Amino acid sequence: MDVEILWEQLYEIKVQEIKELKGEIDNLKSLCAQSETGPILLNKRPSLKSPSELPVDLYSKVYIEKLRDIFFRYATVFSCNENFIDLTHFRLIFNELGLGKKDLNWTKGELIYHSVSKRTNIDFDKFVQLMKKIAYQRFKTTNYLEKLEPLLKIPDKRMDFIDKNIQQWIEDSQIGRVKEVMSSYDELLRVIFSVFSSKGVKYQNRLSLSNLLEFCCDCKIVPAIVSNLEVSRIFHVVEDGESLGYEEFLTTFACIGILGMGKIGIQNTVYAIDKILVILSGNSEFIYKKKNQPPRWKEN
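As the structure is a computational prediction, the values presented were derived from the model and not from experiment. (Residues numbered from 1 in each chain as written. Predicted model: local features only at pLDDT ≥ 70, side-chain atom pairs only at ≥ 80, totals over all residues. Heavy atoms only, no water.)

Undergrad: Would you mind going over the nonpolar core with me for this structure?
TA: One recurring pattern in soluble globular proteins: nonpolar side chains tend to sit buried together. Formed by 80 residues in total, the largest nonpolar core has its most connected members in F127, L189, F215, I221 and F249. Among the elements that make up this core, the one with the highest residue count is helix 13 (residues 246–263) (ten residues). Split by domain, this core shows at least three residues from each of two domains, domain 1 (56–153) and domain 2 (158–290). Once residues lying within four places of it in the same chain are set aside, the contact partners of L189 are M182, Y246, F249, L250, L277 and L280. (Core = buried A, V, L, I, M, F, W, Y, C linked by side-chain atoms within 4.5 Å. Buried < 20%, exposed > 50% of the residue type's maximum accessible area, 1.4 Å probe, protein only. Helix = DSSP H or I, 4+ residues; strand = E, 2+ residues; numbered from the N terminus. Domains from an automatic or database assignment. Contact = heavy atoms within 4.5 Å.)

Undergrad: Would you mind going over unusual backbone geometry with me for this structure?
TA: Peptide bonds are trans in most cases, and residues, glycine excluded, mostly fall at negative phi. Following V222, the chain continues to P223 via a peptide bond in cis, the omega torsion being 5°. Within the fold, P223 resides in helix 11 (residues 221–224). At K118, a position not held by glycine, the phi torsion is positive, near 55°. Turning to its location among the elements, K118 is positioned in the loop between helix 4 (106–117) and helix 5 (124–139). Residues other than glycine seldom take positive phi values, yet R119 does so here, at roughly 70°. Along the chain, the position of R119 falls in the loop between helix 4 and helix 5. Look at R119 and you get exposed, because its relative accessible area is 85%.

Undergrad: Where do I start with the packing of helix 12 (residues 228–238) against helix 13 in this structure?
TA: Helix packing geometry: the angle between the two helix axes and the distance between the axes. It is the contact of helix 12 with helix 13, at a shortest axis distance of 10 Å, that shows an interaxial angle of 140°. When the axis of helix 12 is compared with that of helix 13, the two are oblique. In this structure, helix 12 crosses over helix 13, and the sense of that crossing is right-handed. Across the interface between the two elements, E230, V231, I234, F235 and V238 from helix 12 touch E248, T251, T252, C255, I256, L259 and K263 from helix 13. In terms of residue class, the contact of helix 12 with helix 13 is built from seven nonpolar, two polar and three charged. (Axes fitted to C-alpha atoms, helices over the stretch in contact; angles between N-to-C directions. Parallel < 35°, antiparallel > 145°, perpendicular 65-115°, else oblique. Left-handed = near helix turned anticlockwise from the far one by under 90°. Nonpolar A, V, L, I, M, F, W, Y, C, P; charged D, E, K, R; others polar.)

Undergrad: How do you make sense of the packing of aromatic side chains when you look at a structure like this?
TA: Both the distance between ring centres and the angle between the ring planes are used here to describe each pair of aromatic rings. Across all of its chains, the model carries 14 aromatic pairs by this definition. Considering the side-chain rings of F90 and Y113, the 5.7 Å spacing of their centres and the 20° angle between planes classify their relative orientation as stacked. In this pair, F90 sits in helix 3 (residues 87–96) while Y113 sits in helix 4, placing the two residues 23 residues apart along the sequence. Their ring planes at 40° and their centres at 6.5 Å tell us that F124 and F127 sit as a pair that is tilted. Separated by three residues within a single helix, F124 and F127 lie in helix 5, roughly one turn from each other. For the pair formed by F124 and F127, the shared burial category is buried. Three or more aromatic residues link up through ring pairs in this structure, and these residues are F193, F196, F215, Y246, F249 and F253. (Phe/Tyr/Trp six-rings, centres within 6.5 Å; stacked < 30°, edge-to-face > 60°.)

See the structure below:
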């Protein structure tokens, strides 16, 4: 489903082009009515086919450079390929930059993404189009990028911190005391994995990144404890593939807990994981609602 956006500047340019063309047609009719007319030369004007082809002076280069920084930052979250972003990248952008508000929720954001992507990944030119549509949908004004500009701030980079420490976190998640803490919440964790794991053929009974992000957002781990970007980075370090089995899910969740609780000063690994599990179990009703069952898990 395409989301229609009226670009006022483009409209005015097109109206002017039509007026000029009408004038040329009238002139051509006049010339044709005359006898012995020689060859007629018509001025050829470039056609403006899309908002991204508007003259540079119609929007500031500063905004475009900010968009380029955002595009590069998120295109390289999971790999070194800075040429494209996909829907997962865009969901991170949407959440991290706080693009959603009131009538612009993620469902509408996803529809706008698909209207631009046409079932392919998005390069930078398409990304500019995408952000213009997002800006219009949110602000309902012709000053699209000017209104959007305050949101175009790359979140604090914690990727270096994660990369430096995550192998130690993974090792810590395997020690006996941590496993004991995790096993005491085994019922809850297995229900989570069952409810959120994919039922599709490709990732059947496994947790994809989008499944993990959905879980973390639903239980308020994101954005209260960690960010989408941090969850995604941990996911891709723990599992070099595209989905998590149950054991990898436990390791990923443990690393999320260690990172998140470390932000509030809890440095003891066992206590950090126990703390995030207590928080999770205290907010577990959503899991059972999603499963269409009454809550069964109660913290002692």
